[in-house]
Amino acid sequence: MLLLSQLGRIIKEEILRDDLKYYFMSPCEKYRARRQLPWKLGVQILKIVMITSQLILFGLNNQLVVSYKEENAMTFKNLFLKDYSGVDEEDYSVALYSQQAVYDSLFYVLDQYRQLGRLSVGPISYAEEDGKLLPLVICKEYYKRGNVEPSDDAYDIDGYLNHLGIDFLLTLACFPFRLVDIKITFQLKGINLQTVRSHELPDCYVFFVTITFDNQCHSGKIKIFLDIDALSSACKNWMISGTAQKNTHYLLVFDGFVILVCLTSAVLCTRSIVLAVKLLQRFSRFFRENYNHKVCETDQKEFLNGWYVLVIVSDAMAIVGSILKMEIQAKSLTSYDVCSIFLGTSTLMVWVGVIRYLGYFQKYNVLILTMKTAFPKVIRFCCCAGMIYLGYTFCGWIVLGPYHEKFEGLSRVAESLFSLVNGDDMYTTFAQLKDKNSLVWLFSRVYLYSFISLFIYMVLSLFIALITDAYDTIKNYQKNGFPMTDLQRFLREQKDFPPSEEGSEMDTETGMGHPALCCCRR
């Protein structure tokens, strides 16, 4: 009986070892061992080609949509803004300095709007609702009461703001100092006909146009802003001949096939994860029953393949993006930005997932192993350096913000400091600071010199040193051999497993051991 028991254990061990070896084989090794075709590899290659093609086709159409919105914004500025030069000044389009210029610009907008059908050279018209034209609305915001005498250094202001909405009559009785802003809003409709050339059905657009005369600074300079919100929708009554409709059907079929391939890929990867979990359970049970060992965390991570999770997430995002794309092509949705985010992210993940198959070759595996080794240290280092970076960000914003355009907002400060770390625009950052305040100018020099010296010569050098150290470690392992774990010893049919911290029942019961230490005992 003892002999039969030992024979059964040996047979179970050999079967388990063969299954483990087969699990960790590359697709080519699996084909040579059991003549099994690498279905997952074939599906991934097909998916890369199809998703990339789908992204390019959607991107070409999306560029037409974006260009149509941008060109219409430029068209409206030239149509409705008096004396517009064709180039925006900083963040506004036109600046006014006299009352007469304000009057002229206001009535110019009204006159141009009235003659829109005769002036515009594009398919633009007034918006209608239930057969009635939607009105142009003018809203004036001003202080309720006020009296200002700059010569006597005196003022009397009621801070409450009044909002007066009028249709076509405009009075500026509160002008100039009580006026805060004037907003002119109206809606226009247009059709993007340029998509016909790319064999796509045109979209109908509603443009919500807002022209703002901004006097919030009360500095004698009124800024004019023109903002546009474009909302696309399916045209109600349309007729088109040629190949556009047929091409749309082909694209819908192609998107459906992409969804089918992604579903297949997700199912295969999910199946591999389930098989890996079952194999880990078998290995853990065998080790515990025959060697009184508990599988350590390092060996457990070998079974839990993060690449499969990445592929499943990319498949889910590609399926959602493909469904949105099909709805957009069918003119049921117009969420171009949301669709582009899903398709772009899924394509990024698909291409990153290709690295997994390159990792089976030792010469191509250096990048993956270096990133895996350096990642924990890099994260801890970035947390420490990030505290210093945030300190410089807040300090630069509060002190230099009023004097330098690159430090006007927290996001702009963070972007400017990041560009300085990479050596961009150093001289421009120094030179553009206004030197009207000597104290701030002196502080700016100390601030910039200390930041550049600290982050370029110390932080960045240490960051590179961490990655270089991980690379040298991996190269040394590839030359002299990687440290052996319990799993690798088992696959090589070695019997001399080092004692585990949880090797005895007493240690397990008292909780004196730690499972992560069993693989660290070389």
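Basis of the calculations
Residues numbered from 1 in each chain as written. Predicted model: local features only at pLDDT ≥ 70, side-chain atom pairs only at ≥ 80, totals over all residues. Heavy atoms only, no water. Core = buried A, V, L, I, M, F, W, Y, C linked by side-chain atoms within 4.5 Å. Buried < 20%, exposed > 50% of the residue type's maximum accessible area, 1.4 Å probe, protein only. Helix = DSSP H or I, 4+ residues; strand = E, 2+ residues; numbered from the N terminus. Contact = heavy atoms within 4.5 Å. Patch = residues over 30% accessible without salt bridge, like charges linked within 9 Å, V, L, I, M, F, W, Y side chains within 5 Å. Areas by Shrake-Rupley, 256 points an atom, 1.4 Å probe, with all protein chains shown as cover. Salt bridge = Lys/Arg side-chain N within 4 Å of Asp/Glu carboxyl O. pLDDT = per-residue confidence, 0-100. UniProt positions renumbered as here; feature names shortened; annotations may be inferred. 1 Å grid on protein atoms, 1.4 Å probe; cavity = no way out; pocket = protein on both sides within 12 Å on 5 of 7 lines; lining within 4 Å. Points joined across faces, edges and corners; volume = space filled by probe spheres on them. Nonpolar A, V, L, I, M, F, W, Y, C, P; charged D, E, K, R; others polar. Phe/Tyr/Trp six-rings, centres within 6.5 Å; stacked < 30°, edge-to-face > 60°. Polar contact = N/O pair within 3.5 Å; in protein donor to acceptor, adjacent residues only side chain to side chain.

Trainee: What's the story with the nonpolar core in this structure? I'm lost.
Mentor: Ranked by internal contacts, the top residues of the largest apolar core, which has 37 residues, are Phe80, Ile184, Phe186, Leu188, Ile211 and Phe213. At the level of secondary structure, the elements contributing two or more residues to this core comprise α3 (39–80), β1 (94–96), α4 (99–114), β7 (179–191), β8 (204–214), β9 (222–233), α8 (306–329) and α9 (336–353). Considering each element in turn, this core owes the most residues, six residues, to α3. Among residues more than four places away in sequence, those in contact with Ile211 are Phe80, Leu81, Val109, Ile182, Lys183, Ile184, Phe186, Ile224, Phe225 and Leu226.

Trainee: Teacher, can you tell me more about a nonpolar patch on the surface here?
Mentor: A cluster of nonpolar side chains, namely Met387, Ile388, Leu390, Phe394, Trp397, Ile398 and Leu410, defines an oily patch on the protein surface of about 680 Å² accessible area. Per-element tally for the nonpolar patch: the top contributor is helix α11 (residues 366–400), with six residues. With respect to the element layout, Trp397 can be found in helix α11.

Trainee: Even after reading the chapter, I still don't get the confidence of the model for the chain, so can you show me in this structure?
Mentor: Do not read the predicted coordinates in detail wherever pLDDT is low. Scored by pLDDT, the chain comes out at a mean of 80, with 83% of its residues at no less than 70. Element-level pLDDT for the chain is lowest in helix α16 (residues 505–510), with a mean of 37, against a maximum mean of 91 in helix α12 (residues 410–421). For the stretch residues 501–522, pLDDT sits under 50, and the model shows 35 contacts to residues farther than four places along the chain or on other chains.

Trainee: Sorry, what's going on with the UniProt feature "transmembrane region" (unreviewed entry) in the chain here?
Mentor: The positions UniProt marks with the feature "transmembrane region" (unreviewed entry) are residues 250–277, 307–324, 336–358, 378–400 and 446–467. For residues 336–358, helix accounts for 96% and strand for 0%, while the C-alpha atoms at its two ends are 34 Å apart.

Trainee: Explain the layout of surface pockets here, please?
Mentor: Approximately 300 Å³ is the volume attributed to the second largest pocket. Looking at the second largest pocket, the residues that line it are Phe381, Cys382, Ala385, Gly386, Tyr389, Phe418, Val421, Asn422, Phe455, Val459, Leu460 and Phe463. Going through the elements one at a time, α11, α12 and α14 (438–480) are the ones with two or more residues in the lining of the second largest pocket. Here the element with the most residues in the lining of the second largest pocket is α11; it accounts for five residues. Split by residue class, the lining of the second largest pocket holds ten nonpolar, two polar and no charged.

Trainee: I would appreciate a short explanation of the packing of aromatic side chains in the present structure.
Mentor: Note on aromatic pairs: each is described by the distance of the centres and the angle between the planes. Per the counting criterion, the structure on display carries 20 aromatic pairs. Measuring from centroid to centroid gives 5.8 Å for Tyr389 and Phe455, while their planes differ by 75°, and the two rings are edge-to-face. Here Phe455 lies in helix α14 and Tyr389 lies in helix α11, a separation of 66 residues in the sequence. Each member of the pair, Tyr389 as well as Phe455, is classed as buried. Taking 6.3 Å as the distance between ring centres and 85° as the angle between the ring planes, the aromatic pair formed by Tyr392 and Phe455 counts as edge-to-face. With Tyr392 in helix α11 and Phe455 in helix α14, this pair connects stretches of sequence that are 63 residues apart. Ring-pair connections join several aromatic residues into one group, and the members of that group are Tyr68, Phe76, Phe80, Tyr113, Tyr126, Phe186, Tyr205 and Phe207.

Trainee: Teacher, can you tell me more about the side chain of Ser346 here?
Mentor: Within the secondary structure, Ser346 sits in helix α9. At 2.8 Å, the side chain of Ser346 forms a polar contact with the backbone oxygen of Leu343. If we ignore the near neighbours within four places in the chain, the residues touching Ser346 are Ile51, Ser314, Met317 and Ala318.

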